[in-house]
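An overview of the molecular structure
One-letter residues, chain by chain:
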Amino acid sequence: MSQTSLKHKKKNEPGMRYSKESLDAEKRKDSDKTGARLSTQGSQELPLHNTDSRGYVVRNQWSRTSRSPSTGAPSVDEPRSRNTAIKAPNSSTTSRTSSASPSQHETSPPPQTSEKSSIQQTPQNRPITQLESQPPTPPETEPNSRRTSAKMYTGSDPWAHRENREPRDLQLRDYAYSCDSREGMPKTREYPRTPPTEWKPYAQRRLQYGTSVDMEPEYISDGPQQRQRQQTEEDEVDEAYWTSVSMLYEKIPSCARPRPPKPKHAITIAVSSRALFNMVDDRKIYEEEGLEKYMEYQLTNENVILTPGPAFRFVKALQHVNSRLRDLYPDEQDLFDIVLMTNNHAQVGVRLINSVNHYGLLIDRFCLTGGKSPIGYLKAYLTNLYLSADSEKVQEAIKEGIASATMYAGAKDMAYCDTQLRVAFDGDAVLFSDESEHIAKDHGLDKFFQHETLFENKPLAQGPLKSFLEDLGKLQKKFYAKDERLLCPIRTYLVTARSAASSGARVLKTLRRWGLEIDEALFLAGAPKGPILVKIRPHIFFDDQMFHIESAQKFGTITAHVPYGIAQKRN
């Protein structure tokens, strides 16, 4: 083995230390023997690298933040200290190092002029700390040295990785900032905002997290106490909140609008929008221009109050009866409940609500079917009486067994009583069945009179409006129980074309058998009903024949046609 290889072997031993003078002497001996000079690329001299006390090359890169992203872990040839800087060892060592890692020459610092200048750049008196002793990251080494370099890197300072990473993040941030400046963007960067989350009370949020949370032993005992303390604080906050709310509502004057009765106890009167309000012009727009124009017209005029229709005064009288009943029985549930039931679209509901509130009508339940027939909802609403301006829908309701009538307004205005509900009924095919009508139409009046005299003690079968008369009689008895018979706000009338002498007894005995009382019975024996109805001034008059309806209309009476019985087939 040659002397030169023995010297290199001694240098690579980890326990050996050489002083500066011994290394200089060996370098001079090697240069005298070989006569060679370190050179690279022609006549240019190879720059002498700084080495440590073991002869390893020390780079003049003191910044730990200049690590390239492509560099790997530090290798064995990395310097351990930057305390001293000496010249390179012999030429053979330098050449072997350069051939082993050709990229080392590319990343090495510029050539230094002299050994003295390199020594002056390295502060001798500066104390060596743990961070300063960390070597900079060398370039990629051969695969045989990767295990050793990875092992050495594992034992490095854990904060060094963070220090090496932060400058790169700063560079990327500065680059993005400069790009924004070139594009004319504002210098202030906008970061995405966290979307708001739904507010939930603490008791509900607490259920989202499990109870088996790993906690320190010293905090386990404080968990229940802390939860109890938080629950107490929440209870105090809730109590203070509801106290403030109750004080606020105490200052607000009480609402005069009573609550609607429960449907199972109430007498439900379903009224269509065309029966409650005058919508003749609106109907023309629908028939002539179509549904879309009708909807547009209603939306444009939703703040325009509708004028009263044929059932308007009847509904107002029903509300007066409810008011009187509440005065006598504060907890009364047997009241009239008005339901606005129409096939209008829901968009029209705003105008209907505005009109209802304008007139002070106590109508809380609406049914807007959007073009479909509302008859299917009548039983669901427990309807006792259905009033509409559409005769076809009334006939559908009659077939379903629901008391119904088509409303018609009077030809002229007439004064109505505001303190008493007045309801007038025809007899046959309205309160009673159409049995007697069949005999009169098929066999004449003489046979009719004989039949009624023969069956005087036999009650007549019930008609479609008999149930509504029963409801009125039930409410009347509540007033009678309070000695309010003369001041009762409900008054009923029987206005019939029958003759009292020949056929009137059977009618009265039938009402008595039913347990119903009629306040006034008017037997006209075929005379017109219009003049009599003017004296009565009923809020509504029910009849099954249209010529009686038309006669009453001429005198200004509000009428309701009941499409039931044999008279409808003949007409």
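Keep in mind the model is a prediction, meaning the values are calculated, not measured. Numbers given for residues are sequential positions, taken from 1 along each chain in its written order. Owing to the predicted nature of the model, reporting of local features is limited to residues with pLDDT of at least 70; listing and counting of side-chain atom pairs is limited to 80 or more, with chain, interface and lining totals taken over all residues. Only hydrogens and water are removed before side-chain values are computed, so all heavy atoms of the structure are retained for them.

**Regarding the overall build of the protein chain**
Definition in use: Numbering of helices and strands starts at the N terminus; helices are DSSP runs of H or I of at least 4 residues and strands are runs of E of at least 2. Only protein chains enter the accessibility calculation, which uses a 1.4 Å probe. A residue is then buried if its area is under 20% of the maximum for its type, exposed if over 50%, and partly exposed in between. Contacts are assigned to residue pairs with any non-hydrogen atoms lying within 4.5 Å of each other. Per-residue and other accessible areas follow the Shrake-Rupley method at a 1.4 Å probe size, with only the shown protein chains counted as cover for residues.
Assigned secondary structure in the protein chain consists of 23 helices and 14 strands. Counting every position in the protein chain, which comprises 571 residues, the buried fraction comes to 37%. Partitioning the contacts of the protein chain with sequence separation of at least 6, the portion at a separation of at least 24 is 76%. With an accessible surface of roughly 34,900 Å², the protein chain has 52% of that area assigned to carbon and sulfur atoms.

**Section: the nonpolar core**
The criterion, for reference: Side-chain atoms within 4.5 Å are what join buried Ala, Val, Leu, Ile, Met, Phe, Trp, Tyr and Cys residues into a set we call a nonpolar core. Domain ranges listed in this record stem from an automatic or a database domain assignment.
In this structure, Ile269, Phe314, Phe336, Phe425, Leu465, Phe468 and Phe542 are the most contacted members of the largest nonpolar core, which totals 64 residues. Among the elements that take part in this core, helix α14 (residues 312-328) stands out by supplying 7 residues, more than any other. Formed jointly, this core draws a minimum of three residues from each of two domains, domain 1 (267-406) and domain 2 (421-568). Once you skip the residues sitting within four places of it in the chain, Phe425 turns out to touch Val430, Leu431, Leu465, Phe468, Leu469, Leu472, Tyr493, Leu494, Val495, Phe541 and Phe542.

**Considering α14**
Operational definition: For a helix, the expected span equals 1.5 Å multiplied by the number of residues minus one.
Relative to the 24 Å expected for 17 residues at 1.5 Å per residue, α14 spans 25 Å between its end C-alpha atoms, a close match to the ideal helical length. Within α14, burial applies to Phe312, Phe314, Val315, Ala317, Leu318, Gln319, Val321, Asn322 and Leu325.

**Notes on the pairing of strand β7 (residues 365-368)**
Under the convention used in this document: Note: two strands are recorded as paired if DSSP finds a minimum of 2 bridges between them. The definition of a right-handed crossover adopted here requires that, viewed with the strands pointing away, the path from the first strand over the helix to the second runs clockwise.
Two elements, strand β6 (residues 336-342) and β7, share 4 bridges in a ladder whose sense is parallel. Each bridged residue has a counterpart across the sheet, and for Leu340 the counterpart in β7 is Phe366. Crossover connection from β6 via helix α15 (residues 349-358) to parallel β7: handedness right-handed.

**A word on the pairing of strand β12 (residues 520-523)**
In terms of strand pairing, strand β11 (residues 490-496) meets β12 through 4 bridges, oriented parallel. Along β12, the bridge assignment pairs Leu494 with Ala521. Once the chain exits β11 it traverses helix α20 (residues 500-514) before rejoining the sheet at β12, and the crossover so formed is right-handed.

**Thoughts on the pattern of salt bridges**
The following threshold applies: The rule for a salt bridge is simple: a side-chain nitrogen of Lys or Arg has to be within 4 Å of a carboxyl oxygen of Asp or Glu.
Scanning the entire structure with this criterion turns up 18 salt bridges. With its nearest N and O atoms 2.8 Å apart, the salt bridge here joins Asp390 to Lys393. Here the two residues Asp390 and Lys393 agree in accessibility, since each one is buried. Of the charged contacts, one joins Glu435 and Arg506 as a salt bridge, the two residues approaching to 3.9 Å between their closest N and O atoms. Here Arg506 lies in helix α20 and Glu435 lies in helix α17 (residues 435-443), a separation of 71 residues in the sequence. With a relative accessible area of 27%, Glu435 lands in the partly exposed category. What emerges from the salt-bridge pattern is a single network uniting Asp428, Glu435, Glu452, Arg498 and Arg506.

**With respect to the packing of aromatic side chains**
Inclusion rule: When the centres of two rings from Phe, Tyr and Trp lie within 6.5 Å, Trp using its six-membered ring, the rings pair. Their planes under 30 degrees apart give stacked, over 60 give edge-to-face, and anything left gives tilted. The criterion for a charge sitting over a ring is simple: Lys NZ or Arg CZ within 6 Å of the ring centre, and within 35 degrees of the ring normal.
Within this structure, the stated rule accounts for 9 aromatic pairs. An angle of 55 degrees between the planes, with centres 5.6 Å apart, marks the rings of Phe448 and Phe449 as tilted. Looking at Phe448, the relative accessible area reads 7%, which means it is buried. Linked through ring pairs, Phe277, Phe312 and Tyr359 together constitute an aromatic cluster. It is Lys478 that lies over the ring of Tyr329; its NZ or CZ is 5.8 Å from the centre. When the ring centre of Tyr480 is taken as reference, the NZ or CZ atom of Arg485 above it lies at 3.8 Å.

**A short note on a nonpolar patch on the surface**
Put simply, the test is: The patches reported here contain residues having more than 30% relative accessible area and no salt bridge. Joining distances are 9 Å for like charges and 5 Å for nonpolar side chains (Val, Leu, Ile, Met, Phe, Trp, Tyr).
On the surface, Leu248, Tyr249 and Ile252 cluster together into a nonpolar patch covering about 340 Å² of accessible area. Ile252 sits in the partly exposed class, given a relative accessible area of 46%.

**As for the sheet that holds strand β13 (residues 540-543)**
Condition: Fitted lines through C-alpha atoms serve as axes, helices being fitted only where they are in contact, and the angles separating the N-to-C directions of these axes extend from 0 to 180 degrees.
The mixed open sheet is built from 10 strands, whose spatial order is β7-β6-β3-β8-β9-β14-β13-β10-β11-β12. On the outer flanks of this sheet lie β7 and β12, each paired with one strand and no other. The mean angle between the axes of side-by-side strands here comes to 25 degrees, regardless of whether they run parallel or antiparallel. Of the strands in this sheet, β6 and β7 are in contact with α15, which crosses β7 at around 150 degrees. Together, β3 (267-271), β6, β8 (383-388), β10 (421-425), β11 and β13 form the strand contacts of helix α19 (residues 466-480), whose direction differs from that of β11 by roughly 145 degrees.

**Overview of a negative patch on the surface**
This is how the line gets drawn: Charged residues are defined here as Lys and Arg on the positive side and Asp and Glu on the negative side; His and the ends of the chain fall outside this count. For this purpose, a charge sits on NZ of Lys, CZ of Arg, CG of Asp or CD of Glu.
Among the surface-exposed residues, Glu233, Asp235, Glu236, Asp238 and Glu239 lie close enough to one another that they form a single negatively charged patch. Mapped onto the fold, Glu239 is located in helix α10 (residues 223-251).

**Notes on the packing of α17 against helix α18 (residues 445-454)**
Relative orientation and spacing of two packed helices are given, respectively, by the angle between their axes and the distance between those axes. It is the contact of α17 with α18, at a shortest axis distance of 7 Å, that shows an interaxial angle of 145 degrees. Contacts between α17 and α18 involve Glu435, Ser436, Ile439, Ala440 and His443 from the former and Leu445, Lys447, Phe448, His451 and Glu452 from the latter.

**Brief notes about the side chain of Arg351**
We count it as follows: Here a polar contact is taken to be a pair of N or O atoms separated by no more than 3.5 Å, where protein atoms must pair a possible hydrogen donor with a possible acceptor and residues adjacent in sequence count only if both atoms sit in side chains.
Summarising the element assignment, Arg351 is placed in helix α15. Residue classification places Arg351 among the buried residues on the basis of a relative accessible area of 5%. In terms of polar contacts, Arg351 uses its side chain to reach the side chain of Gln298, at 3.0 Å. When neighbours within four sequence positions are excluded, Arg351 is seen to be in contact with Asp282, Tyr297, Gln298, Asn301, Glu302, Val304 and Leu306.

**Section: the confidence of the model for the protein chain**
In plain terms, the rule: Residue-level confidence of the predictor is summarised by pLDDT, bounded by 0 at the bottom and 100 at the top.
Taken over all residues, the pLDDT of the protein chain has a mean of 74, while the share at 70 or more is 60%. Within the protein chain, β10 carries the highest mean pLDDT (97), whereas helix α5 (residues 115-121) carries the lowest (42). Overall, residues 14-18 carries pLDDT values under 50, and its contacts beyond four positions in sequence, including any with other chains, amount to 10 contacts. In the model, residues 34-47 has pLDDT below 50 throughout and makes 15 contacts with residues more than four positions away in sequence or in other chains.

**Brief notes about the packing of helix α12 (residues 280-289) against helix α13 (residues 291-300)**
Heads up, the rule is: For classification purposes, angles smaller than 35 degrees are called roughly parallel, those larger than 145 roughly antiparallel, those between 65 and 115 roughly perpendicular, and all remaining angles oblique. In this count, Pro and Cys sit with the nonpolar residues alongside Ala, Val, Leu, Ile, Met, Phe, Trp and Tyr, while Asp, Glu, Lys and Arg are called charged and the others, Gly among them, polar.
Between α12 and α13, whose axes approach to 7 Å, the crossing angle comes to 150 degrees. Relative to α13, the element α12 is oriented roughly antiparallel. Across the interface between the two elements, Asp282, Ile285, Tyr286 and Glu289 of α12 pack against Leu291, Lys293, Tyr294, Tyr297 and Gln298 of α13. A class-by-class count of the residues in the contact of α12 with α13 yields 5 nonpolar, 1 polar and 3 charged.

**Details of the environment of Ser391**
Among the structural elements, Ser391 can be located in helix α16 (residues 391-399). The class for Ser391 is partly exposed, based on a relative accessible area of 35%.

**Here we look at unusual backbone geometry**
A negative phi holds for most residues other than glycine; trans holds for most peptide bonds. You will see that Leu382, though not glycine, has its phi angle at about 55 degrees, which is positive. Tracing the backbone shows Leu382 in the loop between β7 and β8. With relative accessibility at 43%, the residue Leu382 sits in the partly exposed group.

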